[in-house]
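Letter by letter, the chains look like this.
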Amino acid sequence: MVRSARGLLAADSGGTSDPYCEVTIGKKKRKTKTIPKTLDPTWEESFTMPLEAGECTFPCDVFDHDVIGNSDFLGRALVDTRSLMMGRAREEWFPLGVRKSGEEAQGSLLLKLLKRQKGKPQEYLIEVLSARKLAAADRGGTSDPFVVVHAEGQKLKTKVIKATLTPEWGESFQVVIEEDAGKVSFEVFDYNTFGRNTHIGSSDIDTSALTPASPPVTKWVPLDIPPAGAGVKSIPKVARVGGTAYGDLHVRITRRFGDGGARPSSSGSDAGPKLKLAVDVLEARGLTAADRGGTSDPFCMISFPTLAKPLRTAVVAKTLDPVWNETHIIDARRGQHGVGSPRGGLGV
């Protein structure tokens, strides 16, 4: 885990840096998010990477992100894995040095290290469903929220839902990693056309206890502010719901077998080989105008025999030709058919 750094070089004219950390083991690289305008960043990001036989050390490089041109080097920490005991975590501050003569470096990097036996690839289905009671980041009393999902160095992003504090995404991401993920992190932002997006809140879900036989973890997770020193642009506390709340995010995480198979069912009536049905909801055109202004705010609902309740796309405001481009994964069995939409609404 790349936890934080302190006392970094100031690479920018304002006396700060926009640091990120890059971990390299063999031919694989993993990079943290960039933390703007700070010399003491906090990342708290975990990576699981294979360590091949004979590989004893690996570098962790800290850079200052530049929008134009190459990133500026801030320092390198060299990690020697020979002193790590299998299965025992160790946390340590590493001094930052240079890669070659002529470079400058200062400060230190805090890492939490754990060496363990290599496991089989595991597949997770991460579903970002909806949110409620989000903070209003825009003048009109709403936000334009989207979610960034961090899982083992992979960064996934939902679409932006305009002008709402109760967005519904209904988006699914399949992630394959080489070891147990440990945790999945979620960040909710308000989209800004100009300047940095505004951070609304963050939350983590511990996945270490999930097995392929475990039921999906479906929960409302409370959103919290970014950690101290994160340097994220956030809305003022007084602008949040009730002055103190940050909102809640509705997510579901399912761990699958390494070969992508679904969890076995204990129900005898549900016997038979399982299949995965991917339903792509792309777009619609020429819909009925349900609102006075001659438009509609359409969304699509998907029903299937294995679903406890229909799946639902995001709402696209004020249009008769909506574009969703959403993929929904449904557990199915041979012999089942008839994907559709519940009757009613603008059409079936």
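Note that this is a predicted model, so its numbers are computed, not measured.

Visitor: An account of the environment of Asp18 is needed here, citing residue identities and associated values.
Guide: Tracing the backbone shows Asp18 in the loop between strand 1 (2-6) and strand 2 (19-25). Owing to a relative accessible area of 17%, Asp18 belongs among the buried residues under this scheme. Between the alpha carbons of Asp18 and Asp64 there is a distance of 4.9 Å; along the sequence they are 46 residues apart. Excluding residues that lie within four positions of it along the chain, Asp18 makes contacts with Asp12, Thr34, Ile35, Pro36, Lys37, Phe63, Asp64 and His65.

Visitor: Lay out the nonpolar core with the relevant residues and their values.
Guide: Soluble globular proteins: nonpolar side chains tend toward being buried together. Ile126, Val128, Val147, Val149, Phe186 and Leu249 are the most contacted members of the largest nonpolar core, which totals 27 residues. Going through the elements one at a time, strand 9 (122-132), strand 10 (145-151), strand 12 (168-177), strand 13 (183-190), strand 14 (198-206) and strand 16 (248-256) are the ones with two or more residues in this core. The contacts of Val147, once residues within four sequence positions are left out, are Val128, Leu156, Lys157, Thr158, Trp169, Phe186, Glu187, Val188 and Leu249. Counting 23 residues, the second largest nonpolar core, distinct from the first, contains Cys21, Met49, Leu84 and Leu113.

Visitor: Just give me the short version of the sheet that holds strand 14, but keep the residues and values in it.
Guide: Strand pairing in a sheet is mediated by backbone hydrogen bonds. Such pairs are either parallel or antiparallel. One open sheet accounts for four strands, arranged 11-10-13-14; its pairing is antiparallel. Each edge of the sheet is formed by a strand with only one pairing partner; in this case those strands are strand 11 (154-157) and strand 14. Across the sheet, the axes of successive neighbouring strands diverge by a mean angle of 20°, strand direction being ignored.

Visitor: Break down the pairing of strand 8 (residues 108-113) for me, with residues and values.
Guide: Of all six residues that make up strand 8, five are buried, and the element is covered over most of its length. Relative to strand 8, strand 1 runs antiparallel, the two being bridged by four bridges. Opposite Ala5, over in strand 8, you have Leu109 as the bridge partner. Sheet analysis places strand 7 (residues 90-95) next to strand 8, joined by six bridges and oriented antiparallel. Paired with Phe94 across the strands is Leu109, a residue of strand 8.

Visitor: Help me get a handle on the sheet that holds strand 2, residues and values and all.
Guide: Spatially, the four strands line up as an open sheet ordered 3-2-5-6, and their pairing is antiparallel. Looking at strand neighbours, the two that pair on one side only are strand 3 (28-31) and strand 6 (72-80), the edges of this open sheet. With strand direction ignored, the average angle separating the axes of adjacent strands in the sheet is 20°. When strand 5 (residues 57-64) meets strand 6, the two strands line up antiparallel, connected through eight bridges. Looking at strand 6, one finds that Pro59 is bridged to Leu78.

Visitor: Describe the pattern of salt bridges, with residues and values.
Guide: Taken as a whole and judged by the stated rule, the model has twelve salt bridges. Among the salt bridges present, the one from Arg3 reaches Glu44, with a minimum N-O distance of 3.0 Å. In this pair, Arg3 is assigned in strand 1 and Glu44 in strand 4 (residues 42-45), connecting sequence segments 41 residues apart. With relative accessibility at 22%, the residue Arg3 sits in the partly exposed group. Between Lys159 and Glu171 there is a salt bridge, with the nearest N and O atoms lying 3.0 Å from each other. A residue pair is termed long-range when its members are at least 10 positions apart, and Lys159 in the loop between strand 11 and strand 12 and Glu171 in strand 12 qualify at twelve residues. Put simply, Arg3, Glu44 and Glu91 are held in one network by salt bridges that share partners.

Thresholds, definitions, all that
Residues numbered from 1 in each chain as written. Predicted model: local features only at pLDDT ≥ 70, side-chain atom pairs only at ≥ 80, totals over all residues. Heavy atoms only, no water. Helix = DSSP H or I, 4+ residues; strand = E, 2+ residues; numbered from the N terminus. Buried < 20%, exposed > 50% of the residue type's maximum accessible area, 1.4 Å probe, protein only. Contact = heavy atoms within 4.5 Å. Core = buried A, V, L, I, M, F, W, Y, C linked by side-chain atoms within 4.5 Å. Pairing = 2+ DSSP bridges. Axes fitted to C-alpha atoms, helices over the stretch in contact; angles between N-to-C directions. Salt bridge = Lys/Arg side-chain N within 4 Å of Asp/Glu carboxyl O.

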